[in-house]
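Residue strings, one per chain:
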Amino acid sequence: MGEAGKKKVIIDTDPGIDDAMAIFVALNSPEIEVIGLTTIYGNVYTTLATRNALHLLEVAGRCDVPVAEGSHVTLMKTTKLRIASFVHGTDGLGNQNFLPPNGQPIGQSAPSFLVEQANLYPGEVTVVALGPLTNLALAIEEDPDFPKKVGQIVILGGAFWVNGNVNPATEANIFGDPEAADVVFTCGADILAIGINITHQVILKDADLEKIEKSNSKFAQYLCKILGLYFSYHREAYHINGVYLHDPTTVIAAINPSLLTYTEGVVRVQTSGITRGLTVFDNTTKRYAEMTPWTGKPKIKVAVTVDSPAVVQLVMDRLINT
Ligand SMILES: O=c1[nH]cnc2c1ncn2[C@@H]1O[C@H](CO)[C@@H](O)[C@H]1O
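Residues numbered from 1 in each chain as written. Predicted model: local features only at pLDDT ≥ 70, side-chain atom pairs only at ≥ 80, totals over all residues. Heavy atoms only, no water.

An unreviewed UniProt entry lists the protein chain under the name uridine nucleosidase, with Rhynchospora pubera as the source organism. Under the UniProt heading Function (unreviewed entry), the note attached to the protein chain is "Involved in pyrimidine breakdown." As stated in UniProt under Sequence similarities (unreviewed entry), the record for the protein chain gives "Belongs to the IUNH family." (UniProt positions renumbered as here; feature names shortened; annotations may be inferred.)

### A look at the overall build of the protein chain
Looking only at helices and strands, the protein chain has 13 helices and 11 strands in total. Expected size for 322 residues packed as a compact globule is a radius of gyration near 20 Å; at 18 Å, the protein chain falls within 12% of this value. By principal-axis analysis of the C-alpha atoms, the protein chain measures approximately 60 × 45 × 40 Å. Counting only residues that meet the buried cut, the protein chain has 57% of its 322 residues in that class. When contacts within the protein chain are restricted to residue pairs at least 6 apart in sequence, long-range pairs at least 24 apart make up 81% of them. Summed over its atoms, the accessible surface of the protein chain is roughly 13200 Å², and 52% of this surface lies on carbon and sulfur atoms. Of the side chains in the protein chain, 24 bear a positive and 33 a negative charge, and the two mean positions are spaced by 3 Å. (Helix = DSSP H or I, 4+ residues; strand = E, 2+ residues; numbered from the N terminus. Rg over C-alpha atoms; globule rule 2.2 N^0.38 Å. Buried < 20%, exposed > 50% of the residue type's maximum accessible area, 1.4 Å probe, protein only. Contact = heavy atoms within 4.5 Å. Areas by Shrake-Rupley, 256 points an atom, 1.4 Å probe, with all protein chains shown as cover. Lys, Arg positive; Asp, Glu negative; His and termini not counted. Charge placed at Lys NZ, Arg CZ, Asp CG, Glu CD.)

### Remarks on the sheet that holds strand β11 (residues 300-306)
A sheet is described by the order of its strands in space; here 9 strands give the open sequence β3-β2-β1-β4-β5-β6-β11-β9-β10, paired in mixed fashion. At either margin of the open sheet sits one strand with a lone partner, and together these are β3 (67-68) and β10 (279-282). Strand direction decides the pairing type here: strand β1 (residues 7-13) and strand β2 (residues 32-39), joined by 7 bridges, are parallel. If you follow Thr13 over to β2, its bridge partner there is Thr39. Helix α4 (residues 110-120) rests against β1, β2, β3 and β4 (125-129) of the sheet, and its axis sits at about 150 degrees to β2. (Pairing = 2+ DSSP bridges. Axes fitted to C-alpha atoms, helices over the stretch in contact; angles between N-to-C directions.)

### A closer look at unusual backbone geometry
The bulk of non-glycine residues show a negative phi, and the bulk of peptide bonds are trans. Cis geometry marks the peptide bond from Pro15 to Gly16, where omega comes out at -10 degrees. Tracing the sequence through the fold places Gly16 in the loop between β1 and α1 (17-27). Not every positive phi belongs to a glycine, and Asn95 is a case in point at roughly 55 degrees. Tracing the chain through its elements places Asn95 in the loop between α3 (85-88) and α4. Of note in this structure, Asn97 is not a glycine but carries a positive phi near 45 degrees. Positionally, Asn97 belongs in the loop between α3 and α4. Assessed through its relative accessible area of 60%, Asn97 is described here as exposed.

### Quick notes on the site of the ligand
In the vicinity of the ligand, 15 residues are found, and the nearest of them are Asp18, His88, Asn165, Glu171 and Tyr233. His88 places a polar side-chain atom, nitrogen or oxygen, 2.9 Å from an oxygen atom of the ligand. Here an oxygen atom of the ligand and a side-chain polar atom of Tyr238 are 3.4 Å apart. Burial of the ligand by the protein chains amounts to 98% of its free accessible area of 400 Å². Going through the elements one at a time, α3, α11 (218-238) and α12 (246-255) are the ones with two or more residues in the shell around the ligand. Looking at the shell around the ligand residue by residue, the classes come out as 7 nonpolar, 4 polar and 4 charged. (Near = heavy atom within 4 Å. Polar contact = N/O pair within 3.5 Å; in protein donor to acceptor, adjacent residues only side chain to side chain. Nonpolar A, V, L, I, M, F, W, Y, C, P; charged D, E, K, R; others polar.)

Written as C-alpha cells, this is what we have:
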C-alpha cells in the first residue's frame, strides 16, 4: 500500500556492512517508503546478498518489503567477479554467521521488478544503487523507456578527480561491472552519482561508535556486532580510526539532497586496460575539434561537496532513535 507524500525508494544492494547501515537508515526515514530491495554481487556474491537482504529485513521487523534477486554475472556474462569479503567478512556481515532468514525472495528478477515498479509509478521511483550497476543496465535492456519512467537513480559509484579504492584508477562498484556502469551513466535518466570523492569525507568515528554501543535501539544493537570488522579494515587499509559511510551517505542524498552540491556533465567509463573502471567526467564547456565518445551523451549530476557533519548526524539519529 502506498504511503501518501513519501518518495518511493528501491535499494539495489550487496549487503555488506555499510549496506546494512544504509538499509536501516532508509527503513527509519519518514521521508521515504522503501518499496523493495534488489540484490547484486559486490561485497558478497548475489546469493548471499539476497540472504543478507532478507535477514536485515527480519532484524528490522520489515518482512513486508519484497526482495528481488539480481544478476549473478556481469552485463558481459562474466562469472569472474571481484568480491570484497576482505572488507565485510566472508558472510558480508562482519563474520557473525547469523542464522539463515525464514523469508524468500519474490519470483521476479531484480531487473524485471525495477521495470515493473517504474511502470507502475512513472516518475515516482527513486533507485538507490549501492553495488555494481548490472541490474540497472539489464532493466534498461529489458525496457529502453526505463530511463524515462524511473524518477531518479542515486548511485554510489565512481572516483571523480581522486584515486579509486580498488586501484588508483577505479572505485569498487564501477570496477565490478564497467560496461553496465557506462550504459547506466549514459542512459538519459535523472542520475546523481556519489563517488568516493564524497564518501571519503563522511566518516563515522570511534566516538560515534561508542554512542551507538550505548543506544538501546535494535538497529544500534545489531550494528555493534557487525561494525568491528569494518573498523579494523579501515584502520589497516586507510590508517583511520573510523569508517567511511559510503552507502548511508547515498541514502541520505536521496532523502535530503540539500546536504550535497553537484555539478553536471557527461560521464563515460573506461572499459579496458589498466584504467578499466575509471569514471571520466566531461564538464562540456570545451568545444572539442573532433567528436568524442562524450559528445551528445546525456548529462548527469555528480556530487562535488557534502556537509559531512550533517550527514553523520542524520545517520546517527536514524540509527539510534528507533
Ligand atoms: O578497499 C576497498 N575495496 C573494495 N571495496 C571497498 C573497499 N572499501 C570499501 N569498499 C566497498 O565498496 C563500496 C565503495 O566503493 C562500498 O560498498 C564499500 O563497502
